[in-house]
Amino acid sequence: MVELSTHLPLNCAQAPRGFKPAGTVTQARMLEGPPPFTYRDRRTPAQMRGIRYEERVNDAMLLKYGDGYLKSQWFQFFSSGTVRWCQTDGLLLDPWTGQIIIVEVKYSHVADAWWQLFKLYLPVVQAVFGPGWNYSCCEVVKWRSEERRVGKECRSRWSPYH
């Protein structure tokens, strides 16, 4: 895991289309499960690959950290007079050091992760847990070795059957 900087990365200069930051969170709470309006819609193969990867990462985090890791945690919060909901991919809680790490899992890196972590999840999690904690954000991305990726490109480019 690599901790993200709170500074806006160069490739994240603009918020993703349709993204709505948390804004000023006046009240927030953790939910026991998903809100009643959630449903499973049709997903693309790429989205399904990302969901499967997220499940594997969450299972590994649960195995390593046990009760200190909360996977797919839902929150309800109030911002600008409206009720909203959000779901982190995971929260890693360490009460002995006073650390909370907000985890965002992506199959491949996208600029959306920074916006979700720092402009949506972080203000909501801070509103729930308060000022007595140290907060960090972490994007977990599937890693592929450069040699493996280049090797596949070379094989496809130089294949005698191509």
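For every chain, the first residue of the written sequence is number 1, and numbering continues from 1 onward in sequence order. Per-residue local features of the predicted model are confined to residues with pLDDT of at least 70, and side-chain atom pairs are confined, for both listing and counting, to 80 or more; whole-chain, interface and lining totals are unaffected and use all residues. To obtain the side-chain values, all non-hydrogen atoms of the structure were included, while hydrogens and water were left out.

## Overview of the overall build of the protein chain
So, step 1. The secondary structure listing takes helices from DSSP runs of H or I that are at least 4 residues long and strands from runs of E that are at least 2 residues long, numbered from the N terminus. On a plain count of helices and strands, the protein chain comes out with three helices and eight strands.
So, step 2. Each helix and strand of the protein chain, ordered N terminal to C terminal, gives the series β-β-α-β-β-β-β-β-α-β-α.
So, step 3. For the protein chain, the residues scored as buried account for 36% of the 162 residues in total.
So, step 4. Taking the intrachain contacts of the protein chain between residues at least 6 apart in sequence as the baseline, contacts between residues at least 24 apart amount to 66%.
So, step 5. Note on areas: these come from Shrake-Rupley sampling with a 1.4 Å probe, and a residue is covered only by the protein chains present in the view. Here the protein chain has roughly 11000 Å² of accessible surface; of this, 54% comes from carbon and sulfur atoms. Burial classes: relative accessible area under 20% of the type maximum marks a residue as buried, over 50% as exposed, and values in between as partly exposed (1.4 Å probe, protein chains only). Here a residue-residue contact requires only that any non-hydrogen atoms of the pair lie within 4.5 Å.

## Describing the layout of surface pockets
So, step 1. Of the volumes computed, that of the largest pocket is approximately 1300 Å³.
So, step 2. Detection works on a 1 Å grid of protein atoms alone, calling trapped sets that fit a 1.4 Å probe cavities and calling open sets with protein on both sides within 12 Å along at least five of seven lines pockets, with lining residues defined by an atom within 4 Å of a point. Lining the largest pocket are 30 residues, and of these R43, I51, E54, Q87 and D89 sit closest to its centre.
So, step 3. Looking at the lining of the largest pocket, the elements that each hand over two or more residues are α1 (45-65), β7 (99-106) and α2 (112-129).
So, step 4. It is α1 that provides the largest number of residues to the lining of the largest pocket, a total of eight residues.
So, step 5. Considered class by class, the residues forming the lining of the largest pocket number 10 nonpolar, eight polar and 12 charged. Grid points are joined across faces, edges and corners, and a volume is the space filled by probe spheres set on the points. Residues are grouped as follows: nonpolar covers Ala, Val, Leu, Ile, Met, Phe, Trp, Tyr, Cys and Pro; charged covers Asp, Glu, Lys and Arg; every other residue, Gly included, is treated as polar.

## Observations regarding the nonpolar core
So, step 1. Residues F77, C86, I102, V124 and V125 are the most contacted members of the largest nonpolar core, which totals 21 residues.
So, step 2. Elements that contribute at least two residues to this core include exactly β2 (25-30), β4 (74-79), β6 (90-94), β7, α2 and β8 (134-141).
So, step 3. In terms of residue count, α2 provides more of this core than any other element does, nine residues in total. Working definition of a nonpolar core: buried Ala, Val, Leu, Ile, Met, Phe, Trp, Tyr and Cys residues. They are joined through side-chain atoms within 4.5 Å.

## Quick notes on the packing of aromatic side chains
So, step 1. Pairing of aromatic side chains requires ring centres within 6.5 Å, counting the rings of Phe and Tyr and the six-membered ring of Trp. Pairs whose planes differ by under 30 degrees are stacked, by over 60 edge-to-face, and all others tilted. Summed over the entire model, instances satisfying the criterion amount to six aromatic pairs.
So, step 2. With centroids separated by 5.5 Å and ring planes inclined at 35°, the aromatic side chains of W114 and F118 adopt a geometry described as tilted. Pair noted here: W114 and F118 are both in helix α2, with a separation of four residues, about one helical turn. For the residue pair W114 and F118, the accessibility class agrees, reading buried in each case.
So, step 3. Ring-pair connections join several aromatic residues into one group, and the members of that group are F19, W114, W115 and F118.
So, step 4. Our definition puts a charge over a ring when NZ of Lys or CZ of Arg is within 6 Å of the ring centre and also within 35 degrees of the ring normal. Lying across the ring of Y107, R49 places its NZ or CZ 5.2 Å from the centre.

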